[in-house]
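# Results of the structural survey
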Number of protein chains: 4
Amino acid sequence: MYNFRTDLACERRELYQKANGLDEIDGIETEQKGDDIRINTVKVTNESGARAIGKPVGTYITVDIKNFKIADDDKIQRASEVVTEELKKLIDVHSAKTDDILVVGLGNRFVTPDSLGPKVITDIEITRHLLKYAPQYLEPGTRPVSAVSPGVLGTTGIETFEIIKGIVDNIKPKLLIVIDALASRSIERISSTIQIADTGIVPGSGVENARKSLNQENLGIPVIALGIPTVVDLGTIIDEGLDLFITKLQEKAESNEYLNKLKEKDNYEEIKEALTPNNYNMIVTPKEIDDLIEKMKDVIARGINFAV
Amino acid sequence: MYNFRTDLACERRELYQKANGLDEIDGIETEQKGDDIRINTVKVTNESGARAIGKPVGTYITVDIKNFKIADDDKIQRASEVVTEELKKLIDVHSAKTDDILVVGLGNRFVTPDSLGPKVITDIEITRHLLKYAPQYLEPGTRPVSAVSPGVLGTTGIETFEIIKGIVDNIKPKLLIVIDALASRSIERISSTIQIADTGIVPGSGVENARKSLNQENLGIPVIALGIPTVVDLGTIIDEGLDLFITKLQEKAESNEYLNKLKEKDNYEEIKEALTPNNYNMIVTPKEIDDLIEKMKDVIARGINFAV
Amino acid sequence: MYNFRTDLACERRELYQKANGLDEIDGIETEQKGDDIRINTVKVTNESGARAIGKPVGTYITVDIKNFKIADDDKIQRASEVVTEELKKLIDVHSAKTDDILVVGLGNRFVTPDSLGPKVITDIEITRHLLKYAPQYLEPGTRPVSAVSPGVLGTTGIETFEIIKGIVDNIKPKLLIVIDALASRSIERISSTIQIADTGIVPGSGVENARKSLNQENLGIPVIALGIPTVVDLGTIIDEGLDLFITKLQEKAESNEYLNKLKEKDNYEEIKEALTPNNYNMIVTPKEIDDLIEKMKDVIARGINFAV
Amino acid sequence: MYNFRTDLACERRELYQKANGLDEIDGIETEQKGDDIRINTVKVTNESGARAIGKPVGTYITVDIKNFKIADDDKIQRASEVVTEELKKLIDVHSAKTDDILVVGLGNRFVTPDSLGPKVITDIEITRHLLKYAPQYLEPGTRPVSAVSPGVLGTTGIETFEIIKGIVDNIKPKLLIVIDALASRSIERISSTIQIADTGIVPGSGVENARKSLNQENLGIPVIALGIPTVVDLGTIIDEGLDLFITKLQEKAESNEYLNKLKEKDNYEEIKEALTPNNYNMIVTPKEIDDLIEKMKDVIARGINFAV
């Protein structure tokens with residue numbers, strides 16, 4: 001399979017189209033709306049589409065918030081309302097109104113670009129224990145909601161999947177909502193895009209090695225994933241930089257055969273090797289990442305709280 | 001049962017002796033050593049002893065670190081060595097040398113006096129995932145160690161027991177080490193005493209309502225608990241203050257019958273009611289609690305890391 | 001002077017009245033309004049009033065927020081509006097519309113009950129540097145606002161007054177707004193009361209030893225102080241507990257002469273000595289203090305942002 | 001002047017040598033020692049040397065710690081001893097044994113790669129206030145040490161220089177030690193190199209716009225600066241990547257005239273423009289930056305504590 005180096009279905013669709021010179025892809029439907037807060041829906045409708053972009057059959061909604069860096073309270077509120085609306089549609093497809101939901105925040109609280117999941121969890125409004133111990137404080141028909149941050153393999157020694165499977169088997173929720181960091185190819189999307197998908201998630205695909213998937217097949221219940229790009233891999237950026245640069249040379253007819261070939265092929269691995277001394281795992285991130293994560297946390301926590 | 005309002009076996013033993021005018025208690029053996037770092041071992045050897053102090057049959061080791069508030073690096077190191085030594089004895093009794101151990105840090109990361117458990121977990125040296133993915137970095141015979149902070153009922157909506165049970169059933173460790181805050185009656189012991197016991201623990205007995213016990217009976221594996229007093233209940237302090245005060249009046253023969261009776265009985269509930277408006281759950285803590293928690297975290301994390 | 005052990009003018013006035021059996025105090029005017037959010041204004045109008053309650057001539061507004069522990073966003077918003085309104089009145093008395101204001105957050109960021117000042121500062125909207133470097137982003141007539149957290153003597157080695165004096169002399173603001181923790185006698189008021197005064201503040205009167213006053217006399221510019229009780233001294237609580245208890249005995253005619261005398265006098269120092277071993281500086285605080293501080297931070301930061 | 005895009009004197013010296021094909025630079029002396037922890041001393045001895053590398057006359061010591069990412073406690077300790085030794089030499093040149101020292105931690109506590117300065121300050125051992133209030137706890141001859149984190153222009157609205165000048169004028173220390181983030185050209189040096197210089201520092205040259213210099217000329221007292229590279233600018237990395245890449249083409253004789261010219265010139269500005277949409281200020285940082293900052297904080301805090 002082509003190495004997309006992005007988890008966003010909308011980016012993969014575009015790359016696949018461009019690489020294969022296609023206008024349409026069999027088994028993939030798309031729809032766009034909105035402007036300031038743009039909503040891009042990719043539906044993978046059959047296995048042919050799934051193979052094309054390497055993503056399972058299901059719905060992938062990408063919410064792009066323009067100029068999120070300077071977003072004020074009002075814009076954060078509007079973005080959270082879009083998340084609520086899109087998320088609610090998927091929740092309603094996969095569960096009944098008072099079904100028990102478990103919200104899971106993946107990632108490492110102590111690594112800034114990976115801390116979004118645990119941070120969202122601290123703001124989720126929990127009702128499951130109140131329904132049991134103090135139902136008088138809740139409106140009738142309140143849905144039981146619980147929430148956990150299982151940590152990451154590197155700090156617990158336990159696969160995220162193993163922890164979540166254990167909890168799911170024990171408390172038997174009807175639906176899982178999972179928040180995690182994603183890899184994207186685009187600097188612009190860092191902590192300003194949310195992908196909502198009903199096909200589950202592979203823990204840590206953003207900043208860790210990929211692990212066993214959290215999905216219906218493995219857990220026995222539907223899994224809605226909210227993925228947010230928070231970093232771009234340095235190798236990806238440099239590779240893209242090279243391509244941009246050769247394109248310019250070609251435009252000025254100053255390229256040569258070697259360069260033309262170079263642009264065709266994916267130089268990611270060589271670049272990565274050349275630029276990453278000492279086994280450092282380099283990431284590219286906006287200087288404002290701490291602030292962006294805080295804002296995105298508000299968007300997602302509010303988005304989920306009103307949807308459930 | 002008498003309301004001891006302390007989880008420390010050594011305090012309970014003393015209270016029981018005093019209340020019943022006993023020199024010895026059937027089924028309870030004690031031993032003391034050390035001075036600057038004092039080690040007090042209480043062994044509950046039969047059911048009679050267990051009933052007397054309301055603690056299951058097993059070993060309870062209390063480590064008191066004098067003047068911990070002004071402890072320097074050297075003293076922290078020595079205290080951690082004492083923890084290592086005492087903990088190692090209990091571990092060796094209950095597990096083999098390379099048995100899988102899961103370390104669990106109870107408590108709420110965001111409530112200072114309840115944050116010790118999660119803080120210790122961030123400093124535990126994890127090996128379980130390395131044994132699986134990168135054994136070449138480990139010495140042969142390294143024991144698999146994993147670690148989790150499950151959060152508290154109030155923030156997850158899930159009983160701590162349910163989370164831990166799920167994980168234990170899934171990854172099947174051979175021994176559990178649990179860290180939690182305890183209630184104590186003594187201001188002096190706040191964040192300067194550690195109780196190590198091989199009888200498990202009731203989550204949140206220090207600052208939350210008590211829950212289902214984490215012990216061998218419920219989990220199927222031995223549970224060693226490290227409990228650290230981090231707060232004293234306000235009612236306890238006032239009750240103790242009253243008793244101290246009446247004792248002084250008695251010494252000066254200025255007491256009267258009412259006071260004498262008052263001292264005999266436990267006025268805790270009345271005092272608690274009178275002094276706690278608005279349902280605030282008041283705690284008494286040293287002003288230096290943030291700093292004491294950091295130091296205690298070092299003692300316990302190092303103590304565990306060298307013991308396992 | 002009587003040891004009030006509270007920095008709240010309204011508590012001092014009451015204590016003075018009760019102790020002296022007065023209905024009115026010369027040089028002190030009071031006014032109350034509101035219910036759910038109660039506003040209590042004490043005006044010290046002359047030196048006789050100032051001597052009585054040990055507070056300089058000026059205005060002291062106490063805002064009490066009932067049930068702040070369970071306050072939702074709406075109540076936090078309403079409370080911040082009350083702070084804005086009352087603060088604005090004092091600001092308008094002491095400065096012109098576009099006068100430069102410096103906001104100072106006293107306290108130690110790393111000691112939870114003392115962290116309110118520094119936390120508020122992180123949420124203050126700063127304009128002073130934009131007016132200089134990017135005025136195009138600001139509306140005309142924007143007031144220059146700057147903000148600092150100078151730390152505390154114990155962590156900087158420098159008197160707070162020395163740091164603030166240095167900054168004031170260098171950047172010459174026209175008005176100072178200072179946020180600090182206060183001592184109160186009342187558990188109910190912990191992190192749910194704000195005193196706004198135009199007479200300055202003594203740094204750290206809540207949880208540290210008192211230092212040189214930040215006021216107009218010492219700094220040359222008016223100083224508006226927002227003081228919030230975040231802890232109650234343990235000795236104060238026990239002393240109050242004793243008095244409550246003796247009152248009950250008196251009611252039942254079970255007191256005696258010694259007790260009656262004991263109630264008259266202030267037993268604070270003896271109690272403090274008896275109950276504070278190891279030089280621990282014990283404080284009484286609600287278990288929810290971390291959460292209360294976060295909420296209070298929102299009330300005050302919003303209150304200031306809209307007032308300036 | 002050549003745009004070095006690095007604040008490290010040793011990197012500038014190398015760049016200048018290479019760009020001008022020199023073996024030696026007039027007015028610049030160098031010396032190297034150590035291996036695992038390498039010490040590189042650059043002395044700028046006259047104005048000609050100062051012009052060449054754009055750094056004032058003075059001493060610049062670079063300490064490179066190899067494989068700092070996987071450094072254990074022992075290596076952290078050895079690194080801090082090297083810092084102590086080198087720092088002590090400079091302190092002894094510029095101050096007497098009991099002269100008052102003020103340590104200043106520049107940077108923004110809430111932006112991870114910029115948080116080193118404030119974090120070091122929390123670990124500095126302060127004595128100035130004890131000498132005044134509790135000299136009995138100190139050994140005779142203890143030097144008065146104080147420490148502040150003034151925040152950054154973006155969060156205070158006040159130039160760092162203005163705050164420090166105000167404090168220096170008020171408490172009159174004899175020497176300033178300043179810690180700040182620096183820009184470097186080298187990924188390997190991120191949070192594993194320390195430059196110690198006796199020529200002062202320009203606040204925020206690493207991640208903020210440059211401001212008025214903290215140096216002897218402006219403050220009236222000597223200023224020793226500890227600068228630590230914590231980020232590399234994305235444009236710098238891509239520019240370097242391009243050069244590396246063209247070098248390879250040249251080696252294979254597959255370059256062309258355009259490329260050769262391209263390599264000669266500095267393409268930083270064009271690259272920066274092409275790759276930085278939305279005015280994001282992109283940085284490149286190791287994924288482990290949070291952990292590296294913690295370790296570096298220990299090296300520097302211990303290094304300073306033993307030197308003063």
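Residues numbered from 1 in each chain as written. Chains lettered and ligands numbered in written order. Predicted model: local features only at pLDDT ≥ 70, side-chain atom pairs only at ≥ 80, totals over all residues. Heavy atoms only, no water.

As a further point, take the overall build of chain A. The secondary structure content of chain A amounts to 12 helices and 9 strands. Judged by the C-alpha coordinates and their principal axes, chain A covers about 75 × 45 × 40 Å. For chain A, buried positions account for 60% of its 308 residues. Once local pairs closer than 6 in sequence are excluded, the contacts in chain A between residues at least 24 apart make up 71%. Accessible area of chain A: about 12700 Å², with a carbon and sulfur share of 48%. (Helix = DSSP H or I, 4+ residues; strand = E, 2+ residues; numbered from the N terminus. Buried < 20%, exposed > 50% of the residue type's maximum accessible area, 1.4 Å probe, protein only. Contact = heavy atoms within 4.5 Å. Areas by Shrake-Rupley, 256 points an atom, 1.4 Å probe, with all protein chains shown as cover.)

For the rest of this paragraph, the subject is the confidence of the model for chain A. Looking at chain A, pLDDT values average 85 and 90% of them are 70 or higher. Reported confidences for the modelled complex are a pTM of 0.82 and an ipTM of 0.82. (pLDDT = per-residue confidence, 0-100.)

What follows is about the side chain of Arg128 of chain C. Tracing the backbone through its elements, the reader meets Arg128 of chain C in helix H5 (residues 128-133). Residues contacting Arg128 of chain C, with those up to four places away along its chain left out, are Asp100, Pro144, Val145, Ser146 and Ile171 of chain C together with Gly157, Ile158, Glu159 and Glu162 of chain D.

What follows covers the arrangement of the chains. Nowhere do chain A and chain C come into contact; their C-alpha atoms are at least 12 Å apart. Taking C-alpha atoms only, the smallest gap left between chain B and chain D, which are not in contact, amounts to 12 Å.

Attention shifts here to the pairing of strand S5 (residues 145-148) of chain B. Residues and elements named next belong to chain B. Residues Val145 and Ala147 of S5 are buried on one face, and the alternating residues Ser146 and Val148, pointing to the opposite face, are buried as well. The sheet contact formed by strand S4 (residues 101-105) and S5 spans 4 bridges and is parallel. In the strand pairing of S5, Leu102 is matched with Ser146. (Pairing = 2+ DSSP bridges.)

For any two helices packed against each other, one specifies the inter-axial angle together with the distance between the axes. It is at 7 Å that the axes of helix H7 (residues 160-171) of chain A and helix H7 (residues 160-171) of chain B come closest, and there the two elements cross at 120°. By the angle class used here, H7 of chain A and H7 of chain B are oblique. Note on packing geometry: the crossing formed by H7 of chain A with H7 of chain B is right-handed. Every residue of H7 of chain B that contacts H7 of chain A at Glu162, Ile163, Lys165, Gly166, Ile167, Asp169, Asn170 and Ile171 of chain A is listed here: Glu162, Ile163, Lys165, Gly166, Ile167, Asp169, Asn170 and Ile171 of chain B. (Axes fitted to C-alpha atoms, helices over the stretch in contact; angles between N-to-C directions. Parallel < 35°, antiparallel > 145°, perpendicular 65-115°, else oblique. Left-handed = near helix turned anticlockwise from the far one by under 90°.)

The subject of this paragraph is the environment of Gly27 of chain A. Residue and element names in this part refer to chain A. Mapped onto the elements of the fold, Gly27 is located in the loop between helix H1 (9-20) and strand S1 (28-33). Given the relative accessible area of 8%, Gly27 is considered buried. Residues Gly27 and Leu106, spaced 79 residues apart in sequence, show a C-alpha to C-alpha distance of 30 Å. In this view, Gly27 contacts Lys43, Val44, Thr45, Asn46 and Gly49; residues no more than four positions away in its chain are not counted.

The next point concerns the pattern of salt bridges. Tallied over the entire structure, the rule returns 72 salt bridges over all chains. Among the salt bridges present, the one from Arg128 of chain A reaches Asp100 of chain A, with a minimum N-O distance of 3.9 Å. On the criterion of sequence distance, the pair formed by Arg128 of chain A in helix H5 (residues 128-133) and Asp100 of chain A in the loop between helix H3 (73-94) and strand S4 (101-105) is long-range, its members being 28 residues apart. Each member of the pair, Arg128 of chain A together with Asp100 of chain A, is buried. Lys297 of chain C is the partner of Asp298 of chain C in a salt bridge, and the nearest nitrogen-oxygen pair spans 3.8 Å. Classification of Asp298 of chain C by relative accessible area gives partly exposed; the value is 23%. Three or more residues joined by partner-sharing salt bridges are found here, namely Lys119, Asp123, Glu294, Lys297 and Asp298 of chain A. (Salt bridge = Lys/Arg side-chain N within 4 Å of Asp/Glu carboxyl O.)

Our focus in this paragraph is the pairing of strand S6 (residues 175-183) of chain D. Consecutive side chains along a regular strand alternate between the two faces of the sheet. All names here are of chain D. Among the 9 residues that make up S6, 9 are buried, leaving the element largely enclosed by the rest of the structure. Alignment of strand S4 (residues 101-105) against S6, held across 5 bridges, turns out to be parallel. When the sheet's bridge partners are listed, Val104 is paired in S6 with Val178. Bridge count for S6 against strand S8 (residues 223-233) is 8 bridges, and the pairing is parallel. Bridging from a neighbouring strand, Val178 pairs with Ala225 of S8.

Bringing helix H1 (residues 9-20) of chain D into the picture now. Residue and element names in this part refer to chain D. Helix length check: H1, at 12 residues, gives a terminal C-alpha distance of 16 Å against a target of 16 Å (1.5 Å per residue), a fit within 8%. Among all positions of H1, only Ala9, Cys10, Glu11, Arg12, Arg13 and Gln17 are buried. Buried residues in H1 make contact with strand S1 (28-33), strand S2 (37-44), helix H2 (47-53), strand S3 (58-65) and strand S7 (193-197). Taken from the residues just after H1, Gly21 is the one with a positive phi, measuring 55°. (Expected span 1.5 Å × (residues − 1).)

This part takes up helix H10 (residues 257-264) of chain B. Since one α-helical turn is 3.6 residues long, residues separated by three or four positions face the same way. All names here are of chain B. Of the residues making up H10, those classed as buried are Tyr258, Leu259 and Leu262. Buried residues of H10, seen end-on, are gathered within an arc of 95° and therefore sit on one face of the element. Those residues of H10 that are exposed and aimed more than 90 degrees away from the buried face are Glu257, Lys261 and Glu264. (Arc of directions from axis to C-beta.)

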